[in-house]
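Breakdown of the fold
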Amino acid sequence: SSRRAFVAGASGYTGRALTAQLVARGVATHAHLRPGSASLDALQQAFAAAGAVVDTTAWSPDAMTETLRRIRPDYVFALLGTTRRRMRDARPGEPSGYEAVDYGLTSLLLSATLAAAPHAHFVYLSAMGVGPRARGDYMRVRWRMEEELRSSGIRHTIIRPAFVTGPDRDESRPLERVAATVIDAGLAVAALFGARRLRQRFRSRTADELAGEILDRLDRPPAAAHGDD
């Protein structure tokens, strides 16, 4: 395949699954890893063994623009995000917080894509519940990023999944797993009464399931692969 992809946030739960599935579909995949990651060596070996090209470009506008200009990706995946634990454990000088990571780095990536690969399809992993009236810093910065992406003019897809969880997730997140189990049970009952589309939309997914759905969507005709989901 002549298709090329750049995956920002490749070390995350969804990022690892998406990278593996891109490679399996014959897409030349560049997996971006944070240069200062404590587990960089292990991640580099794992991604290289999976067939991805490991990229450790610094998070600066010039560096990221130059990398995307060299790669000329057909797809740019923005799977960036942080957690309270990561914010607490951030090293001095590292971007931390929803404003700096969830918005700031994604916005930087979008700007670099517009400058170096404006033909690319930009895929942004947002979250269920994001909207103009959403509360909390996490939701607000993601809505801000969605609005910036929509006004950019670039071809894009915004993904808003419900819970993304599973037994293969590194972080245990027990409360999230319990909530997903309860909601899935309620949706299963609703599906028995005909609400199958509702169940499909809001049920929890593993990273592998979500990655497969994203790539299946992108493989549809162009008119069907633009917008929010």
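Heads up: these notes are all about the structure in this document.

Observations regarding the side chain of His121
Within the element layout of this structure, His121 appears in strand β5 (residues 121–125). A distance of 3.4 Å separates polar atoms of two side chains, one belonging to His121 and the other to Arg155.

Let's talk about the packing of aromatic side chains
Applying the stated criterion across every chain yields a total of two aromatic pairs. For the pair Tyr98 and Tyr138, a centre-to-centre distance of 5.4 Å together with 75° between the ring planes defines the contact as edge-to-face. Here Tyr98 is found in helix α5 (residues 98–116), whereas its partner Tyr138 is found in helix α6 (residues 137–152), with 40 residues between them in sequence. In this arrangement the basic side chain of Arg144 is found over the ring face of Tyr103, its NZ or CZ atom lying 3.8 Å from the centre.

Brief notes about unusual backbone geometry
One non-glycine residue, Arg72, lies in the positive phi region at around 50°. Inspection of the secondary structure assignment puts Arg72 in the loop between α3 (61–71) and β4 (75–78).

Section: empty space enclosed by the protein
For the coordinates displayed, the defined rule picks out one cavity of 30 Å³ or more. Of the voids in this model, the largest cavity is the one considered here, and its volume is about 50 Å³. Lining of the largest cavity is provided by Arg3, Leu22, Arg25, Val27, Tyr75, Phe77, Leu215, Leu218 and Asp219. Looking at the lining of the largest cavity, the elements that each hand over two or more residues are β4 and α9 (207–218). Residue classes in the lining of the largest cavity are distributed as six nonpolar, no polar and three charged.

Some remarks on the packing of α5 against α6
Contact pair α5 / α6: the axes reach a minimum separation of 9 Å and the direction vectors enclose 10°. Here α5 is positioned roughly parallel relative to α6, judged by the angle of their axes. Contact residues: α5 offers Tyr98, Glu99, Asp102, Tyr103, Thr106, Ser107, Leu110 and Leu114, while α6 offers Asp137, Tyr138, Val141, Arg142, Arg144, Met145, Glu148, Leu149 and Ser152. Among the residues forming the contact of α5 with α6, the class breakdown is eight nonpolar, three polar and six charged.

A short note on the environment of Leu40
Locating Leu40 in the fold gives a position in helix α2 (residues 40–50). On the basis of relative accessible area, Leu40 is assigned to the buried category, the value being 14%. Through-space distance from the C-alpha of Leu40 to that of Thr56 is 9.2 Å; in sequence the pair is 16 residues apart. When near neighbours in sequence (up to four residues on either side) are disregarded, Leu40 contacts Leu33, Arg34, Pro35 and Thr56.

Some remarks on the side chain of Arg160
Take Arg160: it is sitting in the loop between β6 (156–159) and α7 (174–192). Within the structure, Arg160 has its side chain in polar contact with the backbone oxygen of Val130 (distance 3.2 Å). Separated by 2.7 Å, the side chains of Arg160 and Glu146 make a polar contact.

Quick notes on the pairing of β5
The buried fraction of β5 is high, at five of five residues. Here β5 shows no split at all, with His121, Val123 and Leu125 on one side and Phe122 and Tyr124 on the other all buried. Direction of pairing for β4 relative to β5: parallel, over a ladder of four bridges. Bridge pairing in β5 links Ala78 to Tyr124. Bridge analysis of β5 against β6 gives four bridges, and the strand direction is parallel. Bridge pairing in β6 links Tyr124 to Ile158.

Cut-off values and rules
- Every chain's residues receive numbers from 1 upward, in the order its sequence appears when written.
- Totals for whole chains, interfaces and linings use all residues, but because this is a predicted model, local features are given only for residues with pLDDT of at least 70 and pairs of side-chain atoms are given and counted only at 80 or more.
- Each side-chain value is derived from all of the structure's non-hydrogen atoms; neither hydrogens nor water enter the calculation.
- Here a strand is any run of E in DSSP of at least two residues, a helix any run of H or I of at least four, and the numbering for each starts at the N terminus.
- In the analysis that follows, any N or O atom pair within 3.5 Å is treated as a polar contact, provided that within protein one partner can donate a hydrogen and the other can accept it, and provided that, for residues neighboring in sequence, both atoms belong to side chains.
- Only Phe, Tyr and Trp rings take part, Trp by its six-membered ring, and two of them pair if their centres are within 6.5 Å. Stacked means planes under 30 degrees apart, edge-to-face means over 60, and tilted covers everything else.
- Note on geometry: a ring has a charge over it if NZ (lysine) or CZ (arginine) is within 6 Å of the ring centre and within 35 degrees of the ring normal.
- For cavity detection a 1 Å grid was placed over the protein atoms alone, and a set of points counts as a cavity when a 1.4 Å probe fits there but cannot get out; an open set counts as a pocket when protein lies on both sides within 12 Å along at least five of seven lines, with lining residues being those that have an atom within 4 Å of a point.
- Grid points are joined across faces, edges and corners, and a volume is the space filled by probe spheres set on the points.
- Polar here means any residue outside two lists: the nonpolar Ala, Val, Leu, Ile, Met, Phe, Trp, Tyr, Cys and Pro, and the charged Asp, Glu, Lys and Arg; Gly therefore counts as polar.
- To get an axis, fit a line to the C-alpha atoms, keeping to the stretch in contact for a helix; angles then go from 0 to 180 degrees between the N-to-C directions.
- Each angle gets one of four labels, with under 35 degrees taken as roughly parallel, over 145 as roughly antiparallel, 65 to 115 as roughly perpendicular, and the rest as oblique.
- Note on contacts: a residue pair is in contact if any heavy atoms of the two residues lie within 4.5 Å.
- The buried label applies to any residue whose accessible area, calculated with a 1.4 Å probe on protein chains only, is under 20% of its type's maximum; exposed applies above 50%, and partly exposed to all values in between.
- For two strands to be treated as a pair, DSSP must find no fewer than two bridges joining them.

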